[in-house]
Each structure stands twice: as C-alpha cells, then as structure tokens.
Amino acid sequence: MTAPPDDCLARNEWICGEYLSTRRQIIVDAVLQHLELTAVSVLIALVIAVPLAVVARRWALAAGPVLALTTVLYTIPSLAMFSLLLPVYGLSASLVVAGLVLYSLTLLVRNILAGLRAVPEDTRQAARGMGYGPIRLLLTVELPLALPAAMAGLRIATVSAVSLVTVGAIVGFGGLGNLIYAGMNTYFKAQVLTASVLCVVIAVLADLLLLGVQRILTPWTRAVRS
Amino acid sequence: MNTISEAWQWLTDSAHWAGDDGIWHRLTQHLVLTVVCLILSCLIALPVALVLGHLGKGGALAVNISNVGRAVPTFAVLVLLLLTPIGNWGEGPTVVALVLFAVPPLLTNAYVGMRGVDRSVVQAARGMGMTGRQMLWRVELPLAMPLVLSGVRIAAVQLVATATIAALAGGGGLGRIITAGFNLASTPQVVAGAVLVAVFALIVEGLFEIGERLAPGWARGRGRTG
C-alpha cells in the first residue's frame, strides 16, 4: 500500500510543476497542433488574399462584392462557422483550417487593398514613364509599397487565428483548446491555466516574429516609424 | 444536399422552437446576454475613454489593451473564470468574459475619436471661454461621435459572436443548440443551429448598418480602428 501522492496535481492547484513534467508530451503535441493549424490557415489565406486584393484594386467594380463578402464572413461567429462547414469537411483538421482561412481573409484583403490604394499616383506614373509594364509595376513597385499595411493585417490575422484555434476543440482539433476543453470537464485547473497561458505566449511570440520580418522586409520605413 | 434539407426539417419542426432548450428560449437568452453585456461594457469603457481622450493621456494604454484583447482566447478566459469562485454565480463567468472582450474596441475607438478632433477647433472653443466640461460635452464628444458609435457597433457584433462560445462552457444562448447537436451527433441540428447563429449575427450587423445610414449627419461616417 502506498499513500496517495500529496503533490500539486492531487491538490488540483492552478500552478503545478508536476503537471508540466508528467504531461510534457501531451502539451508539446497540443502546441505543435496549434502552431500547425494557425500557420497553415494564415498561409492559405495569404495566398488567396493577395490576388483578391489586386483584382479589387484594378477593377473598382470587383472591390464592392469582395469587401462585402469578406465582411459578411467575418460577422459569422466562429462556433457557427466551424459548424456550418461540418457537412463539407466532417470532423477533421481541415474543418478548422477552412474556418480560420475565411476569418483571416477579411483582415488580409482589407489591409492589402488599403496598402495598394495608398501607393501614390505619382509613383505609379513615374514607374510607367520608366517603361514598367503592368506586371512589373505590380510586383516591383505597388506590392512592396503595400507591404507595411499588408504586414499589419497579417499580424492581426495571425494573433486572431491563434486565439480562434481554441474553438476548434468542439471538433477535437483545437490545439491547446483541446486541453482547455478537457480540463474544463474534469475541473483540472493546472491544465486549463497552462494551456491558456501558452496560447497567449504563442500569440505574442508570433506577433513579435512577424514584426521582425516586417522590419527586415521594409527597411525604408524604419526611419519614419517609431 | 441531404444535410441541408435535414437541417431545414429540423428548423421547421415546431417542437424545436418551444421549451427550455427551444430556439425561442435560446434566442431570448442570447439577446438578453448581449444587451446586458453591451450596456455594462459601455458604462465601463466610454467614461474612461472620454475622460482620457479629453485629457490626452493614456493613449498607449488604450491601444495596447485592444491588442492584448485580441491575443487572449475568449474560450480560455471563460473556462478560467468558470473554475474560479465566480463559476458558482450562474451566468457570471459568461458576463465577465463578454464584458472583458467588449471593452477594448469601445475604449480604443472612443479614445481615438476624442484625440482625432481637430486641435484648432478645441483651441477655438477654449478661446471662446468654454470650460473643460463644456468642451468635452459640446465640442469633442459630438465630433468624436461617429468613431464612438463605430466602436459600439464592433463591440455589439463581437458580443453576439462571443456569446456563442459561452455555450462551449455550458452557458446559455444560441450556441447551445450547436453544442447539443454535437453531443447528440446530429449534424442536421448542428448545421441548423449554426445557420440560426449566423443569421442572428448578420441581422445585428445589418441593423447597425441601417441605423448608421438613417442617423443624422453628426453620427454618420465610419472610421474604424479595428
């Protein structure tokens, strides 16, 4: 007969080193799932958002519908979004990714479009005068100048995605959200607090990482921006 | 296609509209929760933002609170509150979590709106001998109104969406129909619930849009700070 262990796990304390050491593998897996879901969603959204924003910039007629559609998608609550996609994707990670892509799209399209629109007409004229075709103008002048606004959108989209992934727990693919969901049902305080804190840490680190990327990609803004 | 017709059947079945788990009851809960939390958060955020904006202090605070709010998953906050003594207050955790999430956009928009008022107009008001209080009520607030109201709109829509997540943590509201559907493994109910939630969110957004169009000039125009 051994006495039941009297550690912080048994006492169900909020902060518990024992939890971290005994469940390390579970926590690491959840963090990896969280990172993967976020990264894949934001990347797919970025790939879709750039052409959409370029099209909306070129043809004024397209701008209205594109912005309206993305705004409507953003209004739909996350739980409903994941549930509406259920018949299409079933209980899978793709379901969560699809929902997150739709949310990130709004933020990205809006910001990239704002960035493209902010390119001064003089600059475009000058590039045309130097013999730049429309494609070269877009790739070497307009898109780089739109980068600061686009990166701002990317940062907001990424931070929001990190926090929204947790709702994916409803279908079992919520990364750290899974731990929070399970911890809620079993009243496991250490697990809920650890997973919540890790979510915030991931969001902050991702934001800082993107800020660093932004500074490297747009050296010309450094003197102006504080 | 099959799921959609089954979801439609679920929605049109009058048995699903009545009773404590019925659609009407959940809809009322959702509405009451949203309105109560919106009023509470306005009472907390707006006075603080207006005074700080008038004094021109605490700008970094207002903006940073907004950014932090985005990084913290609502679901995590809900569950954390649920496991604290607040969890025994019935809808307490939901209300606290929702208010926490509605305050940042209100605070930021109202603050930015107050600071955005043309300084020369404020100088002129001071030159006319207005006291600080008169300037706040008669000059700055009316001019900042469009942004303040746009913050209220963002907060309202965010509340409708977040009130849905409350269902994951056992709270009431329309999200409950979705989570109940998941527990019953009934995809038609999940989809039907999701449609209800999405439509409700879109109606709220639509009502604000209409209100904005009909509003007198001083309240119109939307600058958003996100």
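Counting from 1, residues in each chain are numbered in the order their sequence is written. Here chains are named by letter from A upward and ligands by number from 1 upward, in the order in which they appear as written. Where totals are concerned, whole chains, interfaces and linings use all residues; where local detail is concerned, this predicted model gives features only for residues with pLDDT of at least 70, and gives and counts side-chain atom pairs only at 80 or more. As a rule here, side-chain values come from all non-hydrogen atoms in the structure, and water together with hydrogens is ignored.

Trainee: Before we move on, could you go through the overall build of chain B and cite the residues and values that matter?
Mentor: Broken down by element type, chain B carries 9 helices and 0 strands. Ordered by position from N to C terminus, the α and β elements of chain B give α-α-α-α-α-α-α-α-α. For the C-alpha atoms alone, the extent of chain B along its principal axes is close to 70 × 40 × 25 Å. Whether two residues touch is decided by their heavy atoms; if any such pair falls within 4.5 Å, the residues are in contact. Pairs at least 24 apart in sequence give 73% of the contacts found in chain B among residues at least 6 apart. Method for areas: the Shrake-Rupley scheme with a 1.4 Å probe, in which residue coverage is limited to the protein chains shown. As presented, chain B carries roughly 10,500 Å² of accessible surface, and 68% of it is formed by carbon and sulfur atoms. A run of H or I in DSSP counts as a helix once it spans at least four residues, and a run of E counts as a strand once it spans at least two, with each numbered from the N terminus.

Trainee: Can you tell me about the UniProt feature "transmembrane region" (unreviewed entry) in chain A, naming the residues and giving the values?
Mentor: Residues and elements named next belong to chain A. Following the UniProt record, one finds the feature "transmembrane region" (unreviewed entry) at residues 37-55, 67-89, 95-116, 162-181 and 193-217. Helix makes up 100% of residues 95-116 and strand 0%. Its end C-alpha atoms lie 31 Å apart. Each end of residues 162-181 is marked by a C-alpha atom, and these two atoms are 16 Å apart; helix forms 45% of the span and strand 0%. UniProt positions are given in the numbering used here, feature names are shortened, and annotations may be inferred rather than shown by experiment.

Trainee: Go over the UniProt feature "transmembrane region" (unreviewed entry) in chain B, please, and point to the residues and values.
Mentor: Residues and elements named next belong to chain B. With numbering matched to this structure, UniProt assigns "transmembrane region" (unreviewed entry) to residues 31-56, 68-89, 95-114, 160-178 and 190-208. In this annotation, residues 31-56 is assigned 96% helix and 0% strand; the end-to-end C-alpha distance for the span is 36 Å. Taken end to end, residues 190-208 comprises 100% helix and 0% strand; its first and last C-alpha atoms sit 27 Å apart.

Trainee: Tell me about the confidence of the model for chain B, and please be specific about residues and values.
Mentor: All names here are of chain B. As a per-residue quantity, pLDDT reports the predictor's confidence and falls between 0 and 100. Mean pLDDT for chain B: 86, with 95% of residues reaching 70 or above. Looking across chain B, the model is least confident in helix α3 (residues 59-71), with a mean pLDDT of 79, and most confident in helix α2 (residues 23-55), with 93. The low-confidence segment residues 222-226, where pLDDT is below 50, has 15 contacts with residues more than four positions distant or belonging to other chains. Interface confidence for the predicted complex, given as ipTM, is 0.84, next to a pTM of 0.86.

Trainee: Give a detailed account of the state of the cysteines, specifying residues and quantitative values.
Mentor: Any two cysteine sulfur atoms lying within 2.5 Å of each other are counted as a disulfide. The full count for this structure, using the stated rule, is 1 disulfide over all chains. At a sulfur-sulfur separation of 2.2 Å, the disulfide partner of A:Cys8 is A:Cys16. Given an S-S torsion of about 70 degrees, the disulfide between A:Cys8 and A:Cys16 has right-handed geometry. Taken individually, A:Cys8 and A:Cys16 each receive the classification buried, so the pair is uniform in this respect. Lacking any disulfide linkage, B:Cys37 is separated from the closest cysteine sulfur, that of B:Cys42, by 11 Å. Accessibility here uses a 1.4 Å probe with only protein chains present; expressed as a share of the type maximum, an area under 20% marks a residue as buried, one over 50% as exposed, and anything in between as partly exposed.

Trainee: Tell me about unusual backbone geometry, and please be specific about residues and values.
Mentor: Its identity as a non-glycine residue notwithstanding, A:Tyr187 has a phi of 60 degrees, on the positive side. A residue is classified by how much of its surface remains accessible, and A:Tyr187, at 40% relative accessible area, is partly exposed.

Trainee: Please set out helix α8 (residues 175-183) of chain B residue by residue, giving values where relevant.
Mentor: Listed as buried for α8(B) are B:Gly175, B:Ile177, B:Ile178, B:Thr179, B:Gly181 and B:Phe182. Those residues of α8(B) that are buried are in contact with α4 (78-84) and α5 (86-89) of chain A together with α1 (2-12), α2, α7 (132-165) and α9 (187-214) of chain B. Directly after α8(B), the chain includes B:Ala185, whose backbone phi takes a positive value near 55 degrees.

Trainee: Can you lay out the UniProt feature "domain: ABC transmembrane type-1" (unreviewed entry) in chain B for me, pointing to particular residues and giving the numbers?
Mentor: Residues annotated by UniProt as "domain: ABC transmembrane type-1" (unreviewed entry) correspond here to residues 27-208 of chain B. As annotated, residues 27-208 of chain B comprises 82% helix and 0% strand, and the C-alpha atoms at either end are separated by 19 Å.

Trainee: Give me the lowdown on the packing of aromatic side chains, citing residues and values where you can.
Mentor: Residue and element names in this part refer to chain A. Stacked, tilted and edge-to-face are the three classes assigned to paired rings of Phe, Tyr and Trp, where Trp is represented by its six-membered ring and a pair needs centres within 6.5 Å; plane angles under 30 degrees give stacked, over 60 edge-to-face, the rest tilted. Applying the stated criterion across every chain yields a total of 4 aromatic pairs over all chains. Geometrically, the ring pair formed by Tyr-19 and Phe-188 is edge-to-face, given 5.2 Å between the ring centres and 80 degrees between the ring planes. Note that Tyr-19 is positioned in helix α1 (residues 17-22) and Phe-188 in the loop between α9 (176-186) and α10 (189-217), a separation of 169 residues in sequence. What makes Phe-188 buried here is its relative accessible area of 14%. Geometrically, the ring pair formed by Tyr-74 and Tyr-103 is edge-to-face, given 5.8 Å between the ring centres and 80 degrees between the ring planes. A residue pair is termed long-range when its members are at least 10 positions apart, and Tyr-74 in helix α3 (residues 60-75) and Tyr-103 in helix α6 (residues 93-117) qualify at 29 residues. The class for Tyr-74 is partly exposed, based on a relative accessible area of 38%.

Trainee: Describe the pattern of salt bridges, naming the residues involved and giving the relevant values.
Mentor: Residues and elements named next belong to chain B. The term salt bridge refers to a pairing of a side-chain nitrogen on Lys or Arg with a carboxyl oxygen on Asp or Glu at a separation within 4 Å. Across all of its chains, the model carries 10 salt bridges over all chains by this definition. Between Glu-209 and Arg-153 there is a salt bridge, with its nearest N and O atoms 2.9 Å apart. Of this pair, Glu-209 sits in helix α9 while Arg-153 sits in helix α7; the two residues are 56 residues apart in sequence, bridging distant segments of the chain. Arg-213 serves as the salt-bridge partner of Glu-209, at 3.2 Å between the closest nitrogen and oxygen. You can see Glu-209 and its partner Arg-213 sitting in helix α9, 4 residues apart, about one turn around the helix. A relative accessible area of 62% places Arg-213 in the exposed class.

Trainee: Tell me about the nonpolar core, residues and numbers included.
Mentor: If you look at the biggest cluster of nonpolar residues, it comprises 102 residues, and the most contacted ones within it are A:Leu176 and B:Ile178. When residues in this core are grouped by element, the largest group, 14 residues, is from α6(A). Once you skip the residues sitting within four places of it in the chain, B:Ile178 turns out to touch A:Leu79, A:Ala80, A:Ser83, B:Val190, B:Gly193, B:Ala194 and B:Val197. We define the nonpolar core as a collection of buried residues of types Ala, Val, Leu, Ile, Met, Phe, Trp, Tyr and Cys that are connected through side-chain atoms lying within 4.5 Å of one another. With 32 residues, the next largest nonpolar core counts B:Leu33, B:Leu38, B:Val99 and B:Ala144 among its residues.

Trainee: Mind laying out the confidence of the model for chain A, listing which residues take part and the relevant values?
Mentor: Looking at chain A, the pLDDT average stands at 90 and 96% of residues meet or exceed 70. Mean pLDDT across the elements of chain A ranges from a minimum in α1(A), with 84, to a maximum in helix α2 (residues 24-58) of chain A, with 94.

Trainee: Got a sec to walk through the packing of α9(A) against helix α4 (residues 74-83) of chain B? Specific residues and values, please.
Mentor: At a minimum axis distance of 10 Å, the contact between α9(A) and α4(B) shows a crossing angle of 25 degrees. By the angle between their directions, the pair α9(A) and α4(B) is classed as roughly parallel. Crossing angle aside, the handedness with which α9(A) passes α4(B) is left-handed. Here A:Gly177, A:Ile180, A:Tyr181, A:Gly183 and A:Met184 of α9(A) come into contact with α4(B), specifically with B:Phe75, B:Ala76, B:Val79, B:Leu82 and B:Leu83. The residue makeup of the contact of α9(A) with α4(B), split by class, is 8 nonpolar, 2 polar and no charged. Note on definitions: angles span 0 to 180 degrees between N-to-C directions of axes, and those axes are lines fitted to C-alpha atoms, for helices only across the stretch in contact. The labels follow the angle: roughly parallel below 35 degrees, roughly antiparallel above 145, roughly perpendicular from 65 to 115, and oblique for the rest. Handedness of each helix crossing follows the sense of rotation of the near helix against the far helix: counterclockwise by less than a right angle gives left-handed, clockwise gives right-handed. Classification used: nonpolar for Ala, Val, Leu, Ile, Met, Phe, Trp, Tyr, Cys and Pro, charged for Asp, Glu, Lys and Arg, polar for all others including Gly.

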